[in-house]
Amino acid sequence: MKKIAVYTSGGDAPGMNACIRAAVRAGHYNDLEVYGIVRGYDGMINGNFIELDNRAVSNIIQKGGTILKSARSEEFRTPEGRRKAFEQIQKFGIEGLVAIGGNGTFTGAELFYNEYQIPCVGAPGTIDNDLFGSDFTIGYDTAVNTCLAAIDKIRDTADAHERVFFIEVMGRDTGYIAVRSAISGGAEMAIIPEFPYDKNVVINRLKHGTSDAKASHIIIVAEGHQEGRASMIARDIKEALPQLDCRVTTLGHVQRGGGPSAADRVLASRLGLAAVEGLLEGRANVMAGIIDHQVVYTPFIDTITKRKPINQDLLTLAEKLNGRKYKE
Ligand code: F6P
């Protein structure tokens, strides 16, 4: 293998640049020519390839976003789109791909490999942390820290006004960000898509809390498939407990930006290197991840179809640390 290309696709995540840097530097360390594909699969279809030397990735390890841009390509979902992409890959003589992204990215990579056998190794880049095959995904730690900074500030004003705050965080199908933010932010509870929302449980806890003379409450809500879920839940609560002063804050895309944390930079660096080494070892159609501190390669089909379960102990931890057993 002499020429490889790296691309980012799907929702961007802090640390993607650190991963691009690692893949480019690892490529040159192994005497490969390295290209970057701009705008993910759309760039692959349109031949938007740029050669990346070592200097092209200087001064990016600390930056959020992705210097290669990202997109969710509709055209790549079609056989015709993938055929066009293959033509460009051939034209540039690319023999291996490093894909940085999430579920959608690897679904595309899996299809492309099955049709055209261009080896691809993935690196998990998504703030959602929802990929089977890695304990943590690139961007998750930074996103949680961004939430935490916001929660700490909201707590000040919640306390001053003795209010109940519902803070909506990202996570399309999953509550990883919500659970970790809730524990580290000292929130009363996290409401996440993995477990059905029961308004009576929330009402009951808030009733107990107020009878304990608790001044303010923070409840973290994972958006799930329904942006605005926190507002809906706040309405339910206000209806049942009109005496409470409820407010909603949606953190939104602020969670996707900013410089990556040290943990994300290290993770991204390890996985960028692992992706290139995986290609050189002849691996294909797999995602590089870290499980129990070790690099592991998981077939794309497993990362796409298997769910990484939320540790329920973490969910109950936030609730137990309220220091009161609720009768529900
Ligand atoms: O998958 C990452 C993510 O940030 C999810 O948490 C969120 O639901 C979604 O992307 C938002 O996507 P978009 O940026 O397209 O609005």
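Residues numbered from 1 in each chain as written. Predicted model: local features only at pLDDT ≥ 70, side-chain atom pairs only at ≥ 80, totals over all residues. Heavy atoms only, no water.

Undergrad: Run through the pattern of salt bridges, naming residues and quoting values.
TA: Going through the model one piece at a time under the given rule, you end up with 11 salt bridges. Between Glu-75 and Lys-84 there is a salt bridge, with its nearest N and O atoms 2.7 Å apart. Between Asp-245 and Arg-163 there is a salt bridge; the shortest N-O distance is 2.9 Å. One end of the pair, Asp-245, is in the loop between α8 (229–240) and β9 (246–250); the other, Arg-163, is in the loop between α5 (140–161) and β6 (164–169), and 82 residues separate them in sequence. Take Asp-245: its relative accessible area is 29%, and that puts it in the partly exposed class. Connected via shared salt-bridge partners are Glu-80, Arg-83 and Glu-87. (Salt bridge = Lys/Arg side-chain N within 4 Å of Asp/Glu carboxyl O. Helix = DSSP H or I, 4+ residues; strand = E, 2+ residues; numbered from the N terminus. Buried < 20%, exposed > 50% of the residue type's maximum accessible area, 1.4 Å probe, protein only.)

Undergrad: Help me get a handle on the site of the ligand, residues and values and all.
TA: The ligand sits among Arg-72, Ile-127, Asp-128, Met-170, Gly-171, Arg-172, Glu-223, His-253 and Arg-256. Asp-128 is positioned such that a nitrogen or oxygen atom in its side chain is 2.7 Å from an oxygen atom of the ligand. Between Gly-171 and the ligand, the recorded distance is 3.2 Å, taken from a backbone N or O atom to an oxygen atom. Contact with the protein chains covers 76% of the free accessible surface of the ligand, which is 400 Å². Tallied by class, residues from the shell around the ligand come to two nonpolar, two polar and five charged. Both domain 1 (3–139 + 260–305) and domain 2 (143–256) contribute no fewer than three residues apiece to the shell around the ligand. (Near = heavy atom within 4 Å. Polar contact = N/O pair within 3.5 Å; in protein donor to acceptor, adjacent residues only side chain to side chain. Areas by Shrake-Rupley, 256 points an atom, 1.4 Å probe, with all protein chains shown as cover. Nonpolar A, V, L, I, M, F, W, Y, C, P; charged D, E, K, R; others polar. Domains from an automatic or database assignment.)

Undergrad: Lay out the state of the cysteines with the relevant residues and their values.
TA: All chains considered together, the criterion is met by zero disulfides. Among the cysteines around Cys-19, which has no disulfide bond, Cys-120 carries the closest sulfur, lying 12 Å off. The class for Cys-120 is buried, based on a relative accessible area of 1%. (Disulfide = S-S within 2.5 Å.)

Undergrad: So what about the packing of aromatic side chains? Which residues, and what values?
TA: According to the stated counting rule, one finds 10 aromatic pairs in the structure shown. A ring pair is formed by Tyr-35 and Phe-92, whose centres lie 6.0 Å apart and whose planes are at 65 degrees; its orientation type is edge-to-face. Note that Tyr-35 is positioned in strand β2 (residues 33–37) and Phe-92 in helix α3 (residues 79–92), a separation of 57 residues in sequence. The class of Tyr-35 is buried, set by a relative accessible area of 11%. Consider the rings of Tyr-140 and Tyr-176, whose centres lie 6.3 Å apart with planes at 90 degrees: the pair is edge-to-face. Of this pair, Tyr-140 sits in helix α5 while Tyr-176 sits in helix α6 (residues 176–184), placing them 36 residues apart in sequence. You'll find Tyr-140 and Tyr-176 in the same group, each marked buried. (Phe/Tyr/Trp six-rings, centres within 6.5 Å; stacked < 30°, edge-to-face > 60°.)

Undergrad: Can you break down the environment of Thr-146 residue by residue, with the values?
TA: Structurally, the position occupied by Thr-146 is in helix α5. With a relative accessible area of 22%, Thr-146 lands in the partly exposed category. Residues Thr-146 and Val-254 lie 108 residues apart in sequence; the distance between their C-alpha atoms is 7.6 Å. Every residue in contact with Thr-146, bar those within four places of it in the chain, is listed here: Val-254, Gln-255 and Gly-257. (Contact = heavy atoms within 4.5 Å.)

Undergrad: Explain the sheet that holds strand β4 (residues 96–101) to me, and be specific about the residues and the numbers.
TA: Reading across from one edge, β3-β2-β1-β4-β5-β10-β11 is the order of the seven strands in this open sheet, with mixed pairing throughout. Where the open sheet ends on each side, the last strands, each with one partner, are β3 (49–51) and β11 (294–299). Ignoring which end each strand starts from, the neighbouring axes of this sheet average 30 degrees apart. Across three bridges, the pairing between β2 and β3 is antiparallel. Within β3, the residue paired with Tyr-35 across the bridge is Glu-51. Strand contacts of α3: β1 (3–8), β2, β3 and β4, with the helix running at about 25 degrees to β3, the strand carrying the most contacts. In the packing of helix α9 (residues 262–280) onto the sheet, the strands contacted are β1, β4, β5 (120–124), β10 (286–291) and β11, and the crossing angle to β10 comes to about 140 degrees. (Pairing = 2+ DSSP bridges. Axes fitted to C-alpha atoms, helices over the stretch in contact; angles between N-to-C directions.)

Undergrad: So, the domain arrangement of the chain: which residues are in play, and what are the values?
TA: Per the domain assignment, the segments making up the chain are domain 1 (3–139 + 260–305) and domain 2 (143–256). Taking only C-alpha atoms into account, the centre of domain 1 sits 34 Å from that of domain 2. Contacts between domain 1 and domain 2 engage 11 residues on the former and 11 residues on the latter. Both sides of the domain 1 and domain 2 interface together cover about 920 Å² of buried area, and 48% of this is carbon and sulfur. Counting the contacts that link domain 1 with domain 2 gives one salt bridge. One salt bridge connects Asp-12 with Arg-256, and the closest N-O pair in it is separated by 2.8 Å. (Buried area = accessible area lost by both parts, 1.4 Å probe.)

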